[in-house]
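# Secondary and tertiary structure notes
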Amino acid sequence: MTPDEMAALLERITAHNPRLHPLFSLEFGDAVVGVERAELFATAADLRDAGFDRLGMVTAVDRDEVFVLVYRLHSRSLSAAIFLKTLVPRDDAWVASLVELWPAALWQEREVFDLFGIHFEGHPDLRRILLPDDFVGHPLRKDYDDPRLIRRPDYI
Amino acid sequence: MAVSVESRNLVSAPDGGSREELVVNVGPSHPSTHGVGRVIVHLDGDIVVKAEPVIGYLHRGIEKMAENRTYLQVVPLTDRLDYVGSMYANWAYCRAVERLAGIAVPERAEYLRVIVCELQRIASHMMGIGASAADTGAFTFFIYAFDQRERIIELFERLCGARLTYNYVRPGGVSFDAPQGWTQDVLAFTKAFRAAAADLDRLFFGNVIARGRMKGIGVLSADDAVAWGASGPTARASGVNWDLRKHDPYSVYPRMDFDVVVGERGDAYDRGRCRLLECVESCRIIDQAISQMHPGPVRTEGLPRLLQPRPGEAYDHIESARGSLGVYLVSDGSVRPYRMHVRSPAFCNLALLPLLAEGHTLSDLVVVLGSLDPVFGEVDR
């Protein structure tokens with residue numbers, strides 16, 4: 001997709017949906033839209049009905065006081081992909097589960113729960129998936145520490 | 001495969017009576033030699049009522065390790081994701097880094113990447129269908145398929161010195177140019193492989209026992225394939241015409257003339273045969289890439305060893321042997337990635353196992369698992 005096509009797509013998606021707002025610049029070649037946490041499920045349902053039939057990726061990024069939830073939606077009919085993002089406060093880490101819309105979220109949300117400790121409300125089977133059930137902590141959080149972790153020297 | 005009985009439970013049956021449900025533990029061992037996986041199976045007689053994959057036995061925390069290494073040091077880590085298709089993870093990661101840091105790649109390097117990745121597709125598919133054939137008892141086919149894979153591994157060894165973990169694709173290019181005579185040998189291989197592929201097709205997919213074991217087993221509908229995020233041959237066998245090389249073209253693929261192999265029924269047979277037919281298409285791509293390739297540099301000159309991209313994030317994906325392999329990179333402006341996430345096609349495809357295995361016998365569960373072609377290094381990361 002060219003930047004112009006992407007800008008047009010963003011405008012088309014956000015024009016019909018007051019809940020969505022374009023978030024970040026397009027310099028790295030991806031269309032990104034943000035949404036309030038409370039409106040994530042309704043927005044995702046709208047987007048699915050608008051043709052985004054595939055949930056490609058669910059992941060999170062630890063930004064100290066908040067987690068950024070990142071969803072990559074993809075549409076074959078529009079031949080387009082967008083990133084949907086929402087912010088989750090660290091001390092109140094929950095978000096609506098999208099399993100009802102895309103079963104693809106079933107395992108991917110379990111993975112984010114496992115590694116980040118973010119709860120997905122409405123997930124039918126929210127358990128650890130990669131780590132053992134008795135594991136303590138969520139290793140992809142930046143404040144996770146383990147004596148077995150070896151710090152590499154700083155190069156700069 | 002280690003199979004042990006965990007428990008016998010009496011559960012109420014729909015007719016008001018009760019029946020015995022047998023809980024069987026399969027693994028953790030090498031189910032279909034793809035890696036260490038485990039499935040807890042609930043059986044009613046010989047029929048699977050519920051299959052629950054248990055994963056994570058190969059979890060090494062590669063995404064966490066990447067946060068503690070420089071951008072260049074992460075490349076060998078990506079080798080260890082899908083260890084029967086290391087070139088893909090190398091490439092997907094490097095594409096994300098190149099996007100993030102704005103690095104241009106010389107044309108010859110792009111061609112070499114296409115050639116090695118198509119060779120890797122053949123090697124990976126030979127492993128995938130060979131191993132799943134061995135599970136169904138067709139050991140002869142396994143040896144024939146591995147023979148073809150071995151020839152590719154030897155070509156890779158000559159190219160970069162490694163047989164399994166290549167560390168070949170690097171940000172800004174590839175590590176080595178093709179040695180003298182290498183491209184001719186690749187052409188000789190694709191020529192020989194086309195003939196071998198016809199034999200393999202007859203030997204296994206034309207075999208009445210193999211057809212009986214695989215046809216109608218683990219049927220995946222096109223709607224389910226899309227909703228569950230399946231990709232690669234797993235989705236295409238169900239009639240979902242989706243191939244990133246064609247539909248989100250990257251590198252020099254737009255210059256290649258090839259067909260996307262699409263199945264009809266979405267059963268284990270179609271998934272396996274799609275893989276074999278894809279290999280022949282890969283041969284077409286390799287031949288074209290070699291004829292289009294010109295001498296030139298294979299690395300961008302003047303790249304610092306300590307890459308320090310500006311803050312931002314990038315996502316890029318390629319069509320691996322298992323499906324859409326994506327890498328999501330976040331930079332905070334330092335010399336190490338702030339966050340790396342690998343969108344693993346094997347992970348998403350394996351999530352389909354409970355859906356596909358239900359209602360089949362325990363012996364068919366192995367066929368279904370093999371037909372999804374999971375590599376647990378990439379599932380568990």
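Conventions adopted
Position labels on residues start from 1 in each chain and follow its written sequence. Going through the entries in the order they are written, you letter the chains from A and number the ligands from 1. Given that this is a predicted model, residues contribute local features only at a pLDDT of at least 70 and side-chain atom pairs are listed and counted only at 80 or more, while totals for whole chains, interfaces and linings are drawn from all residues. We count a stretch as a helix when DSSP gives it H or I for four or more residues in a row; a strand needs E for two or more, and each element gets its number in order from the N terminus. Field definition: a residue is buried when 20 or more other C-beta atoms are found within 10 Å of its C-beta, exposed when 12 or fewer are, and partly exposed for counts in between, with C-beta atoms placed from the backbone. Between any two strands, pairing holds if DSSP finds at least two bridges. Note that contacts rest on C-beta atoms placed from the backbone: two residues are in contact if these are within 7 Å. Here, expected helix span is obtained from the residue count minus one, scaled by 1.5 Å. Axis definition: a line fit to C-alpha positions, over the contact stretch in the case of helices; interaxial angles, taken between N-to-C directions, run 0 to 180 degrees. What fixes the domain bounds is an automatic or database domain assignment. Each residue is assigned to one of three groups, with Ala, Val, Leu, Ile, Met, Phe, Trp, Tyr, Cys and Pro labelled nonpolar, Asp, Glu, Lys and Arg labelled charged, and all others, Gly among them, labelled polar. Angular relationships are summarised with four words: roughly parallel below 35 degrees, roughly antiparallel beyond 145, roughly perpendicular across 65 to 115, and oblique for the angles in between. Crossings are classed by handedness, with left-handed meaning an anticlockwise turn of the near helix from the far one by less than a right angle and right-handed meaning a clockwise turn.

## With respect to the environment of B:Arg60
Residue and element names in this part refer to chain B. Note on placement: Arg60 falls in the loop between strand S4 (47-54) and helix H1 (62-66). Residue class for Arg60 comes out partly exposed when judged on the 14 C-beta atoms lying within 10 Å of it. Separated by 134 residues in the primary sequence, Arg60 and Arg194 have C-alpha atoms spaced 38 Å apart.

## A look at the pairing of strand S3 (residues 37-44) of chain B
Successive side chains on a regular strand alternate, one facing one side of the sheet and the next facing the other. Residues and elements named next belong to chain B. Of the two faces of S3, only the one carrying Gly37, Val39, Val41 and Leu43 is buried; Arg38, Ile40, His42 and Asp44 on the other face are not. Direction of pairing for S3 relative to S4: antiparallel, over a ladder of 7 bridges. Bridge pairing in S4 links Asp44 to Ile47. Hairpin connection, S3 to S4: the antiparallel pair is bridged by 2 residues, and Gly45 has positive phi, about 70°.

## Observations concerning the environment of B:Val261
All names here are of chain B. Mapped onto the elements of the fold, Val261 is located in the loop between helix H10 (244-247) and helix H11 (268-292). In the structure, Val261 is positioned 254 residues away from Ser7 in sequence and 43 Å away in space, judged by C-alpha atoms. Excluding residues within four positions of it along the chain, Val261 makes contact with Arg236, Cys274, Leu277, Glu278 and Glu281.

## Thoughts on helix H4 (residues 107-135) of chain B
With 29 residues, H4(B) should cover 42 Å at 1.5 Å per step; its first-to-last C-alpha distance of 42 Å lies within 8% of that length. Following H4(B) by one or two positions, B:Gly137 adopts a phi angle in the positive range, close to 100°.

## Looking at unusual backbone geometry
All names here are of chain B. Positive phi outside glycine occurs at Asn167, with the angle close to 50°. Along the chain, the position of Asn167 falls in the loop between helix H5 (139-160) and strand S5 (169-170). Of the residues examined, Asn167 has 18 C-beta atoms within 10 Å and is grouped as partly exposed. The backbone of Ser251 shows a phi angle near 50°, a positive value even though the residue is not glycine.

## Topic: the sheet that holds strand S7 (residues 312-319) of chain B
All names here are of chain B. Taken in spatial order, the 3 strands of this open sheet run S7-S8-S9, and their pairing is antiparallel. The strands lining the two open edges of the sheet, one partner per strand, are S7 and strand S9 (339-343). Averaged over all adjacent pairs, the angle separating strand axes in this sheet is 10°, with direction ignored. Bridging between strand S8 (residues 324-331) and S9 involves 5 bridges; their strand directions are antiparallel. The residue bridging Val330 from the neighbouring strand is Arg339, located in S9. Sheet contacts for helix H3 (residues 86-101): S7 and S8; angle to S7, the most-contacted strand, approximately 145°.

## Notes on the domain arrangement of chain B
Residue and element names in this part refer to chain B. Taken domain by domain, chain B consists of domain 1 (3-54) and domain 2 (62-380). On a C-alpha basis, the centres of domain 1 and domain 2 stand 32 Å from each other. Taken together, the contact pairs 18 residues of domain 1 with 20 residues of domain 2. Per-element tally for the side of domain 1 that touches domain 2: the top contributor is S4, with 6 residues. By residue class, the composition of the side of domain 1 that touches domain 2 is 10 nonpolar, 5 polar and 3 charged.

## Brief notes about the packing of H4(B) against H11(B)
When two helices pack together, their arrangement is given by the angle between the helix axes and the distance between those axes. Residue and element names in this part refer to chain B. Axis separation between H4 and H11 bottoms out at 9 Å; the angle between their running directions is 160°. Taken together, H4 and H11 sit at an angle that is classed as roughly antiparallel. Every pair of crossing elements has a handedness; the one defined by H4 and H11 is left-handed. From H4, Tyr111, Val114, Ile115, Glu118, Leu119, Arg121, Ile122, His125, Gly128, Ile129 and Ser132 reach across to H11, where they touch Gly272, Arg275, Leu276, Glu278, Cys279, Ser282, Ile285, Ile286, Ala289, Ile290 and Gln292.

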